[in-house]
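Geometric and topological summary
Residues per chain are reported as follows:
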Amino acid sequence: MAHISVTIITYNEEKRIEACLNSVKEIADEIIVVDSFSTDRTPQICRDFGCKVTQRKFSGFGAQRQFATSLTSHSYVLTIDADEVLSPALLASLKKLKADGFAHRVYSMPRLNFYCGQPVKHCGWYPDLQVRLFDKRYANWNLYGFKERVIFPGTLTPQPLDGDILHYRCSTPEEYRAVQLRHAAIESRDISSRPDSIRFYTPFLKGAEAFLGIYLINGAILDGAEGRAISRERFRSTYMAYNMARRSRRKQSTSKPTQ
């Protein structure tokens, strides 16, 4: 039977982590948790579950995931987040894969996202294909701080698996907004490092572009109140990301010594 290492990065996830761990326990030969110094019971819950827990300062999603991959013992790695669980159908697919053996280097799976308990089928949130199972000898996470992804040679094609990752993004609108603002702060560092200019109007234009992209192009209008709320928060978080990047650029330019 083939082996799978599961990796999870965490920070203050005591309310969700147990459901995540229970969903992977039947297919995980080891569970690696990289925790960003949680102040709640997350690390202890993971240790009690039998996970190998390492604490590391958060340095961006890509770097944190790549570090977790480096700690695994087996070649094939399944990455899941603390607010995600495997659907019964996906669990069955992974069990069959373990029994039959791996015939591919990378595997993809759809992700069904939930907003305040409601499944969202538009907004660009479904099928939201994710490459989450891969042979670490041929693939790994890039180092993007935000919007990270698994990279692999162009000669490889992800093999789709049946079943969804179920992603419970938030329990309340306030929780979702707080998460989006944290993501905006991380994304702002990526934006600031790019060579593109950021004018005073750029944050608004990028925010409006993000809103319209979700609401009209990705069909959030069909998701009713949830779609409107998600679209508004995308405007807000995109605006904040570019605004913080612009301020950071200005601060850097004013702090440079004069010749």
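Preceding this paragraph is the structure being described.
To start, this report covers the structure provided alongside it. (Residues numbered from 1 in each chain as written. Predicted model: local features only at pLDDT ≥ 70, side-chain atom pairs only at ≥ 80, totals over all residues. Heavy atoms only, no water.)

Describing the nonpolar core
One finds Val-6, Ile-8, Ile-31, Leu-78, Leu-86 and Leu-133 to be the most contacted residues of the largest nonpolar core, which totals 29 residues. Only β1 (5-10), α1 (17-24), β2 (30-35), α2 (42-49), β4 (76-79), α4 (88-100) and β6 (106-109) provide two or more residues apiece to this core. Among residues more than four places away in sequence, those in contact with Ile-31 are Val-6, Ile-8, Leu-21, Val-24, Phe-49, Cys-51 and Lys-52. Val-120, Ile-214, Ala-229 and Ile-230 belong to the second-largest nonpolar core, a separate cluster that totals 11 residues. (Core = buried A, V, L, I, M, F, W, Y, C linked by side-chain atoms within 4.5 Å. Buried < 20%, exposed > 50% of the residue type's maximum accessible area, 1.4 Å probe, protein only. Helix = DSSP H or I, 4+ residues; strand = E, 2+ residues; numbered from the N terminus. Contact = heavy atoms within 4.5 Å.)

Concerning a nonpolar patch on the surface
Together, Phe-200, Tyr-201, Phe-204, Leu-205 and Tyr-239 line one region of the surface with nonpolar side chains, adding up to about 560 Å² of accessible area. By relative accessible area, Tyr-239 is classed as partly exposed at 31%. (Patch = residues over 30% accessible without salt bridge, like charges linked within 9 Å, V, L, I, M, F, W, Y side chains within 5 Å. Areas by Shrake-Rupley, 256 points an atom, 1.4 Å probe, with all protein chains shown as cover. Salt bridge = Lys/Arg side-chain N within 4 Å of Asp/Glu carboxyl O.)

Topic: the pattern of salt bridges
As enumerated under the stated definition, the model contains 16 salt bridges in all. Put simply, Lys-96 and Asp-100 hold a salt bridge, and the shortest N to O gap is 2.6 Å. Of this pair, Lys-96 and Asp-100 both sit in helix α4, four residues apart, which is roughly one turn of the helix. On the basis of relative accessible area, Lys-96 is assigned to the exposed category, the value being 54%.

Quick look at the sheet that holds β2
If you trace the seven strands from one edge of the open sheet to the other, you get β3-β2-β1-β4-β9-β6-β12, paired in mixed fashion. Every interior strand has two partners, whereas the edge strands, β3 (52-55) and β12 (159-160), have only one. Against the sheet, helix α3 (residues 61-70) contacts β1, β2, β3, β4 and β9 (130-135), and its axis sits at roughly 145° relative to β1. (Pairing = 2+ DSSP bridges. Axes fitted to C-alpha atoms, helices over the stretch in contact; angles between N-to-C directions.)

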